[in-house]
Structures are given as structure tokens and as C-alpha cells.
Amino acid sequence: SDRSSSASGVSSLAESSSSISVLPSSTPLVSSDEPPAQPPMIVHQPRPEDVLFGPQSEHPGNQLLRELVVSLAEEYNQAGRGEKKKIALQLMNSIYESGGRFLKPMGGGGWEVASTEDARDKISKHFRNIRRRR
């Protein structure tokens, strides 16, 4: 009787799998080297460690980012393009390891966690600004 119950379980599984919908061929697939798109993460209250986009220069996380950029400006300015990217990623990791995030303001209040690309762009912009001031 054990075999008949397991056999009926298999047939009911087969019947239910035929009702699973398959994505249409026009649905774009994410390549294995790209992370899947995530809905934006909303933050209502930034932490002191966070780096805020926009005119938030006095925020402690922004001050930390500026200090890190100043300390690495010489190395960054002499680096090639690939090395500059590595330096920017190291800075991002320093912010993340301190518990910080890169946050962009949202229209109706609150903050959205910035993408890695946006965070790297913000760091690169800081390096360009420092270079212009010297």
C-alpha cells in the first residue's frame, strides 16, 4: 500500500506541474554575472555612518567619506582607470564596514539605498572635486 500512495503522489505532482506558467520568451533574463534587480530599499531615518546624496555636507558619514577621499587623493590621481575603480570600491567597503550606506533622497521624504554604481560615481565625484580645489 506504501507504493500505491507514493505512485499517486508522483502522478498528482506531474498534474500540478503542468499548470506552472512559463515566462514568455520576451521576458529578459538576468545574466549570471549581474545581480538580479531588487526593489529599492527605503530608509526613513539615516544613521550617522550613512553617506547622504544631495547637500548634506555636515552629515558625519559624508565627513568620513571626505576624509577618506582626501587621504587617498594622491594615490587616486596617479592611478590608471582600473586602479581608480579599485580605490573607489575600497572606499565603498570602508563605508559599508563602518555600518554606513549610500542614501539618495526620495521625493516624498525618506531615503533610498543607492546602487553600487551610484555610490562609486559619488566617490569619483568627490575625487574630482578635491582635484579641482588644489
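All values derive from a computational prediction rather than experimental measurement.

Basis of the calculations
- Residues numbered from 1 in each chain as written.
- Predicted model: local features only at pLDDT ≥ 70, side-chain atom pairs only at ≥ 80, totals over all residues.
- Heavy atoms only, no water.
- Phe/Tyr/Trp six-rings, centres within 6.5 Å; stacked < 30°, edge-to-face > 60°.
- Helix = DSSP H or I, 4+ residues; strand = E, 2+ residues; numbered from the N terminus.
- Buried < 20%, exposed > 50% of the residue type's maximum accessible area, 1.4 Å probe, protein only.
- Expected span 1.5 Å × (residues − 1).
- Bend = angle between axes of the 7 residues up to and from the residue.
- Pairing = 2+ DSSP bridges.

Participant: I'm lost on the packing of aromatic side chains in this one. Help?
Facilitator: Scanning the entire structure with this criterion turns up two aromatic pairs. Aromatic pair Y76 and F127: ring centres 3.7 Å apart, planes at 5°, arrangement stacked. Taken together, the residues Y76 in helix 2 (residues 60-78) and F127 in helix 4 (residues 116-133) connect sequence positions 51 residues apart. Considered together, Y76 and F127 belong to a single accessibility category, that of buried residues.

Participant: I keep staring at helix 2 and nothing clicks. Help me out?
Facilitator: Given 3.6 residues to a turn, an α-helix orients residues that are three or four positions apart in the same direction. For helix 2, which comprises 19 residues, the first-to-last C-alpha distance of 28 Å matches the rise-based estimate of 27 Å (1.5 Å per residue) to within 8%. The largest bend along helix 2 reaches roughly 55° and is located at L72. For helix 2, every residue scored as buried is listed here: G61, N62, L65, V69, L72, A73 and Y76.

Participant: Sorry if this is basic, but what is going on with the sheet that holds strand 1 (residues 42-43) here?
Facilitator: In any sheet, the strands associate via hydrogen bonds between backbone groups, in a parallel or an antiparallel arrangement. Strand order across the open sheet formed by four strands is 1-4-3-2, with mixed pairing between neighbours. The open sheet is flanked by strand 1 and strand 2 (51-52), the only strands paired with a single partner.

Participant: Looking at this structure, how should I read helix 3 (residues 81-97)?
Facilitator: Helix length check: helix 3 (17 residues) gives 24 Å between terminal C-alpha atoms against 24 Å at 1.5 Å per residue, within 8%. Looking at the residues trailing helix 3, positive phi occurs at G99, about 95°.

Participant: I tried to follow the pairing of strand 3 (residues 102-105) on my own but got confused; where do I start?
Facilitator: The two faces of the sheet receive side chains in turn, since in a regular strand these alternate between them. Sheet topology note: the strand 2/strand 3 ladder contains two bridges and is parallel. By the bridge assignment, V51 is partnered in strand 3 with F102. Both strand 3 and strand 4 (residues 111-113) contribute to a ladder of three bridges, which runs antiparallel. Counterpart to K104 in the pairing with strand 4 is E112. Linkage of strand 3 to strand 4, two consecutive antiparallel strands, is achieved through a turn of five residues, within which G109 is found at a positive phi near 100°.

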